[in-house]
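# Analysis of the macromolecular model
Chain by chain, the residues run as shown.
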Amino acid sequence: MAASAIISIGAYAPSRVVTNDDLSKIMDTSDEWIRTRTGIHQRHMALAEETTASMSFNAAQAALDTATMDAADLDWILLCTDTPEMWTPATACFVQESLHAKRASAIDLTGGCAGFLQTLELADAVAKTGKIVMVIGTELLTRSMDWSDRSTAVLFGDGAGAVIVAPDRGQGIQLTHSRTYSDGSQTDILQKPYGGTRNPIPPEIVAHGGHHRIHMEGRKVFRHAVQRMSQSAREILTDVKLPVDAVDWIVPHQANQRILTAVADALHIPMNKVFSHVQNYANTGSASIILALADMFEQDLILPRQRLISVAFGAGFSWGSAVWTVQSLPPTRFIGRDQ
Ligand code: UT7
C-alpha cells in the first residue's frame, strides 16, 4: 500500500521564558511543587504582539525554508489548535495568506493534546492521494489561562510546530501506522466550558477572568492518560508486529514527567528511550509532539532506520499512537530552541 512521509519539520518557541519562580510571584505556588508534581521548570510565553497565526507562520515557514520548498507547492494546510486566532475564519487561512500558499485549501481542527496525531492521520490519507500537506500544531495557551487557578496555570506553555507530509519517496519519516480514538462520554473531565453556544459568557465571569478557566479534574485526567496511552501503544505495536524492545524512541505528548514515567513503566520501556523536554516547554498541547521531534533531530538523537512511537492523550477524551520509521533525517529548523 502507498505510504506517506514527513519530509520537513519546523518549530517555533517564543523568546520570553517564564520560570516557576516567576509564577510563584503572582500566585500561591512554588518551584518545588511544580517540579516534583510535573517535572516542569519553565515555559515559553508568547509576546504581546504574537498570535496563534503568527507563531504558526514562523513554524511553517521554517519547515519550508529548511527543505527549500515553495509554499505554492502545498495542496493543504491543516492547522490543529485549541487556541485559534479568532472563532472564524480558520487560523489556517491567515497562515495560508502569510505563506502565500496560493493553491492550498486551509482548515482548522481541534483535538486537544491528541490533536496533532489525529490531524497527522488525516494528512497521511490525503498525502497518499499524491498531495502535499502542511500540518501545523500551535497553542497560545498562556493567553487563555485563568491565572488565579494555580492547579492549571502552571502546566501550560506556548509553541508552534509544522511538518510537511508528502507521498513517500523513501525520504524522511515514513508514517508507518496510526490509530487514534475519542471517547465523548468524558467531555466533562477536561474542558474550557465558556464561549461557545452551550455556555455564552456571562459578564460577571469576564470580570474576574473566569471565562478562561480550564476545568480539569487533574487526577482523573492523569489516570486516563496513563492507561489509554499505554494501551494504544500496545495495540499499535501488535498491529505492526513489533516487539516493545524494537522501539528506539517514544516521542510522547509532553504533559507531565510523571505521566511519561508511568507510561514507560506500563510498557516496560526504559526511560532513556522516552524523550522528554517538558522541563523547558511545559505542555504545549497540539504543538508538543512536533516541538519534541524537532528538538530530537536538532540534538542528533534520532538516526536513520530507527523506529519511533508517538503517543498522546488530551481533552475529548481523544488519544492515540503512531509508529514512524526513520528513512533519512528530515531537514529540521527549531526557532527559539533552548540550548
Ligand atoms: O494533556 C493532558 C493535560 N492534563 C494534564 O496533563 C494533567 C494531568 N494531571 C496532573 O498532571 C496532576 O493531576 C496535576 C499536576 C494537575 C496535579 O497534581 P496532583 O498530584 O494530582 O495534585 P492535586 O490536584 O491532588 O493537589 C494536591 C495539592 C492540593 O492541596 P491540598 O488540597 O492537598 O491542600 C492543591 O491545592 O496541591 C495543591 N496545588 C498546588 N500547590 C502549589 C495544586 N496546584 C498547586 C500549585 N502549587 N500550582
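Structure first, text after, so check above.
Just so it is clear, the model here is predicted, and its values are computed rather than measured.

## Structural notes on the overall build of the protein
Scanning the protein from N- to C-terminus turns up eleven helices and 14 strands. The C-alpha atoms of the protein give 19 Å as radius of gyration, which agrees with the globular expectation for 339 residues (20 Å, within 12%). A buried classification covers 55% of the 339 residues belonging to the protein. Intrachain contacts of the protein at a sequence separation of at least 6 include 79% that bridge at least 24 residues. Of the roughly 14,100 Å² of accessible surface on the protein, a fraction of 53% belongs to carbon and sulfur atoms. Positive and negative side-chain charges of the protein, numbering 28 and 35 respectively, have mean locations separated by a distance of 5 Å.

## A few points about the nonpolar core
Most often, soluble globular proteins have nonpolar side chains that are buried together. Met229, Ile250, Ile259, Ile309 and Phe313 are the most contacted members of the largest nonpolar core, which totals 41 residues. Elements with a contribution of two residues or more to this core: α8 (218-239), α9 (257-267), β12 (307-314) and β13 (318-326). Ignoring anything within four residues of it in the chain, the contact list for Met229 reads His224, Ile259, Val263, Val311, Ala312, Phe313 and Ser321. Listed in part, the 37 residues of the second largest apolar core include Ile6, Leu175, Ala287 and Ala322.

## Details of the site of the ligand
As a structural note, the neighbourhood of the ligand is formed by 22 residues, with Thr29, Arg37, Arg150, Arg219 and Asn256 the closest of them. Contact distances for the ligand include 3.0 Å between an oxygen atom and a side-chain N or O atom of Arg150. When the free accessible area of the ligand is taken as 950 Å², the share hidden by the protein chains comes to 74%. Secondary-structure elements contributing two or more residues to the shell around the ligand are α2 (31-38), α6 (150-153), α8 and α9. Examining the composition of the shell around the ligand, we find that four residues originate from one element, α8, more than from any other. Within the shell around the ligand, the residues separate by chemical class into ten nonpolar, seven polar and five charged.

## Regarding the pattern of salt bridges
One pass over the full model with this rule turns up 13 salt bridges. We note a salt bridge from Arg179 to Glu235, for which the minimum N-O separation is 3.7 Å. With Arg179 in strand β8 (residues 173-182) and Glu235 in helix α8, this residue pair connects regions lying 56 residues apart in the sequence. Under the relative-accessibility criterion, Arg179 is labelled partly exposed at 31%. Residue Glu235 is classed as partly exposed on the basis of its relative accessible area, which comes to 24%. Through salt bridges that share partners, Asp146, Asp149 and Arg213 make up one connected network.

## Quick word on the side chain of Thr83
Here Thr83 lies in the loop between β4 (76-80) and α4 (91-99). Residue classification places Thr83 among the buried positions, given a relative accessible area of 7%. Among the polar contacts made by the side chain of Thr83, one reaches the side chain of Glu139 at a distance of 2.9 Å. Each residue touching Thr83, except ones within four places of it in the same chain, is listed here: Thr52, Thr138, Glu139, Leu140, Leu141 and Ser144.

## A closer look at α2
Looking at α2, one finds that the buried residues are Asp31, Ile34 and Thr38. Buried residues along α2 cover an arc of 80° about the axis, so they all sit on one side. Residues of α2 that are buried in the fold lie against α1 (20-24), β3 (42-45), α9 and α10 (278-281). Just beyond α2, the residue with positive phi is Gly39, at close to 85°.

## As for empty space enclosed by the protein
Within this structure, the stated rule accounts for one cavity of 30 Å³ or more. Of the voids in this model, the largest cavity is the one considered here, and its volume is about 30 Å³. As for the largest cavity, its lining consists of Ile250, Pro252, Leu260, Val263, Ala264, Val274 and Val311. For the lining of the largest cavity, the secondary structure elements donating two or more residues are β11 (249-252) and α9.

Cut-off values and rules
- Residues numbered from 1 in each chain as written.
- Predicted model: local features only at pLDDT ≥ 70, side-chain atom pairs only at ≥ 80, totals over all residues.
- Heavy atoms only, no water.
- Helix = DSSP H or I, 4+ residues; strand = E, 2+ residues; numbered from the N terminus.
- Rg over C-alpha atoms; globule rule 2.2 N^0.38 Å.
- Buried < 20%, exposed > 50% of the residue type's maximum accessible area, 1.4 Å probe, protein only.
- Contact = heavy atoms within 4.5 Å.
- Areas by Shrake-Rupley, 256 points an atom, 1.4 Å probe, with all protein chains shown as cover.
- Lys, Arg positive; Asp, Glu negative; His and termini not counted.
- Charge placed at Lys NZ, Arg CZ, Asp CG, Glu CD.
- Core = buried A, V, L, I, M, F, W, Y, C linked by side-chain atoms within 4.5 Å.
- Near = heavy atom within 4 Å.
- Polar contact = N/O pair within 3.5 Å; in protein donor to acceptor, adjacent residues only side chain to side chain.
- Nonpolar A, V, L, I, M, F, W, Y, C, P; charged D, E, K, R; others polar.
- Salt bridge = Lys/Arg side-chain N within 4 Å of Asp/Glu carboxyl O.
- Arc of directions from axis to C-beta.
- 1 Å grid on protein atoms, 1.4 Å probe; cavity = no way out; pocket = protein on both sides within 12 Å on 5 of 7 lines; lining within 4 Å.
- Points joined across faces, edges and corners; volume = space filled by probe spheres on them.

Everything listed here is a matter of coordinates, which is why it stays silent on function.
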